[in-house]
Amino acid sequence: MSDMRLIVAGAGGRMGRTLIRALSETPGAVLTGALEAPGSDLLGEDSGVLAGLPANGVPLSADLWTLSKDADGILDFTVPAATIANVAIAAERGIVHVIGTTGLSASDNAVIRSVTSRAIVVQSGNMSLGVNLLAALVKQVARSLDEDFDIEVVEMHHRAKVDAPSGTAYLLGQAAAEGRGINLDQRSVRARDGHTGERNRGDVGFATLRGGTVTGDHSVIFAGPYERIELSHKAEDRMIFARGALKAAMWAHGKKPGFYTMADVLGLGA
């Protein structure tokens, strides 16, 4: 099979540049397009140079329709508005759309789901192998322990992160909720301040920390009577997300239209 031809969305950003570096190191995949927002000062710049590599002859462009003409997939770690705009074009072209964008609303996710009868979408709040294994463990532990064990999700990221809780925190909270058989949106506590009263039995709590240059630290705490279980993951470099996204894209190449997650990619099952 020939190399999978991939577009990197948000190619001028930190994650986009990391994806381009990861692509340059990945056999079986090749960079065919570099997408950036209309009006960006980086349009026309060589994507390889921006990523700290030798020039690769792939300039940043704002025209996804043209870029996607000869592409097999798009790696999309951008912002919700950009991702939703990309969804329609990726679906029309019939290419794989790997979505690592966080901060998406329920309506955004509904739009993404709406195209999966004709498009191949792999979406996850975190593309790393370790985090998705952690999510599987969280689900299993939550299923095994009753509501005597309170669940708290704690996350910390760098000062520039704009959404909270992180997509990864939500992924882990969702895993815990599925293990417990509850609706996370109805049973989550996203903030505490002032006189909150006693903790509600069975809720899933979230705590968000921001500061410095932290790539991503996540812990899920099961706090029971006189004992506590803590499951944690610490990300040390964005490259883990890039490599996971590339694994997802290459796994999805040739799959039937549908909605997939990293649990599918990694064969983690239900």
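What counts and what doesn't
Residues numbered from 1 in each chain as written. Predicted model: local features only at pLDDT ≥ 70, side-chain atom pairs only at ≥ 80, totals over all residues. Heavy atoms only, no water. Salt bridge = Lys/Arg side-chain N within 4 Å of Asp/Glu carboxyl O. Helix = DSSP H or I, 4+ residues; strand = E, 2+ residues; numbered from the N terminus. Buried < 20%, exposed > 50% of the residue type's maximum accessible area, 1.4 Å probe, protein only. Expected span 1.5 Å × (residues − 1). Contact = heavy atoms within 4.5 Å. Core = buried A, V, L, I, M, F, W, Y, C linked by side-chain atoms within 4.5 Å.

### A closer look at the pattern of salt bridges
Consideration 1: Per the counting criterion, the structure on display carries 13 salt bridges.
Consideration 2: We note a salt bridge from Arg-199 to Glu-152, for which the minimum N-O separation is 2.8 Å. With Arg-199 in the loop between strand S8 (188-189) and strand S9 (204-210) and Glu-152 in strand S7 (residues 150-157), this residue pair connects regions lying 47 residues apart in the sequence.
Consideration 3: Residue Arg-199 is classed as partly exposed on the basis of its relative accessible area of 25%.
Consideration 4: Taking the relative accessible area as the measure of exposure, Glu-152 reaches 15% and is therefore buried.

### Thoughts on helix H6 (residues 129-144)
Consideration 1: For H6, which comprises 16 residues, the first-to-last C-alpha distance of 23 Å matches the rise-based estimate of 22 Å (1.5 Å per residue) to within 8%.
Consideration 2: Among the residues of H6, Val-131, Asn-132, Leu-134, Ala-135, Val-138, Lys-139, Val-141 and Ala-142 are the ones counted as buried.
Consideration 3: Structurally, H6 contributes buried residues whose contacts are with S7, helix H7 (167-180), strand S10 (216-224), strand S11 (227-235) and helix H10 (262-265).

### As for the nonpolar core
Consideration 1: Leu-6, Val-8, Leu-19, Leu-75 and Val-98 are the most contacted members of the largest nonpolar core, which has 36 residues in total.
Consideration 2: Counting only elements with at least two residues in this core, the list comes to strand S1 (4-9), helix H1 (14-24), strand S2 (29-35), strand S5 (96-99), strand S6 (120-123), helix H9 (239-252) and H10.
Consideration 3: At eight residues, the largest contribution of residues to this core is made by H9.
Consideration 4: Excluding residues within four positions of it along the chain, Val-8 makes contact with Gly-16, Leu-19, Ile-20, Leu-23, Leu-31, Gly-33, Ala-34, Leu-35 and Leu-75.
Consideration 5: Ala-135, Val-141, Ile-151 and Val-220 belong to the second largest nonpolar core, which has 21 residues in total.

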